[in-house]
Amino acid sequence: MQRPSLPCPFEKVFPSQLQRDDEFHMWLAYNQAIDAWKQDEVPVGAVITLGGEVIAAAHNQRDSTRDPTAHAEILALGQAAKAIGDWRLNDATLYVTKEPCPMCSGATLMARLKRVVYAVSDPKMGCLGGATDLNALPRSNHRLELTRGVLEQPCHELLRAYFQLKRQEE
């Protein structure tokens, strides 16, 4: 069932292709988050790169699919694994607009991602340093490289505005 679209007051950003750095890829994840908003989903977006090329891009689809696992990160991980034909994403980087939850943090470790870059920390449910840090489990056989706070302000503003609007609807 298609959910009605929700007007989004934020515009997509089209960064220069000349400098494909962390900010560039986070803007792509931000654009995915705007797509989520327009589908009345929590505006979280994710992009996965390998060798500097985008191999996956997704946004939250939990409500529209009625699937509790349809988080941006999980959907992007599935796309990336399919794109390279392997569940091991050893040299890949995940860019996500909000710190991954317990499920998504665990999935990033299980997929053997090299690196996770996120914009907004989540002190309630974030599990890569916010509420807890699954990456620091002493017996884990894999460690992620983490970069926090890339484009934090615009990603935080997007989330804040969405939830403010949703509270007004109630």
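Here the residue numbering is sequential within each chain, running from 1 through the sequence in written order. pLDDT decides what is reported in this predicted model: residues at 70 or higher carry local features, side-chain atom pairs at 80 or more are listed and counted, and totals for whole chains, interfaces and linings draw on all residues regardless. Calculation of side-chain values draws on the structure's entire complement of heavy atoms; hydrogens and water are dropped beforehand.

Asks: I'd like to hear about the overall build of the protein chain, residue by residue, with values.
Replies: We count a stretch as a helix when DSSP gives it H or I for four or more residues in a row; a strand needs E for two or more, and each element gets its number in order from the N terminus. When its secondary structure is counted, the protein chain shows five helices and five strands. Only C-alpha atoms enter the radius of gyration, while the globule expectation follows 2.2 Å times N to the 0.38, with N the number of residues. In terms of overall dimensions, the protein chain is globule-like: its C-alpha atoms have a radius of gyration of 15 Å, near the 15 Å expected for 170 residues. The dimensions of the protein chain, computed from C-alpha atoms along their principal axes, are 45 × 35 × 30 Å. Each residue's exposure class comes from its accessible area (1.4 Å probe, protein chains only) as a fraction of the maximum for that residue type: buried when under 20%, exposed when over 50%, partly exposed otherwise. Residues counted as buried form 45% of the 170 residues belonging to the protein chain. Nonlocal contacts in the protein chain, meaning residues at least 24 apart in sequence, comprise 59% of its contacts between residues at least 6 apart. Only the protein chains shown count as cover for residues, with accessible areas throughout obtained via the Shrake-Rupley method and a probe of 1.4 Å. Of the roughly 8,800 Å² that the protein chain leaves accessible, carbon and sulfur atoms contribute 52%. All tallies of charge rest on Lys and Arg as positive and Asp and Glu as negative; His and the ends of each chain are not included. By convention, the point assigned to a charge is CZ for Arg, NZ for Lys, CD for Glu and CG for Asp. Once the 19 positive and 21 negative side-chain charges of the protein chain are each reduced to a mean point, those two points are 4 Å apart. A contact between two residues is defined here by any heavy atoms of the two lying within 4.5 Å.

Asks: Break down the layout of surface pockets for me, with residues and values.
Replies: What the largest pocket holds in volume is close to 490 Å³. Contributing to the lining of the largest pocket are 20 residues, with Val42, Lys98, Asp122, Leu159 and Phe163 lying nearest its centre. Within this scheme a cavity is a closed region of a 1 Å grid, computed over the protein atoms alone, that accommodates a 1.4 Å probe without allowing it to escape, whereas a pocket is open but has protein on both sides within 12 Å along at least five of seven lines; lining residues each have an atom within 4 Å of a point. Grid points are joined across faces, edges and corners, and a volume is the space filled by probe spheres set on the points.

Asks: Lay out the pattern of salt bridges with the relevant residues and their values.
Replies: By definition, a salt bridge exists where a carboxyl oxygen of Asp or Glu is found within 4 Å of a side-chain nitrogen of Lys or Arg. Scanning all chains against the criterion turns up seven salt bridges. Between Arg115 and Asp22 there is a salt bridge, with its nearest N and O atoms 2.5 Å apart. In this pair, Arg115 sits in strand 4 (residues 115-120) while Asp22 sits in helix 1 (residues 22-38), placing the two residues 93 residues apart along the sequence. Owing to a relative accessible area of 16%, Arg115 belongs among the buried residues under this scheme. Taking the shortest distance from any N to any O, the salt bridge between Glu157 and Arg160 comes out at 2.4 Å. Taken together, the residues Glu157 and Arg160, both in helix 5 (residues 152-169) and three residues apart, mark about one turn of the helix. With relative accessibility at 25%, the residue Glu157 sits in the partly exposed group. We classify Arg160 as partly exposed; its relative accessible area is 35%. A single salt-bridge network, built from bridges that share partners, covers Asp40, Lys166 and Glu169.

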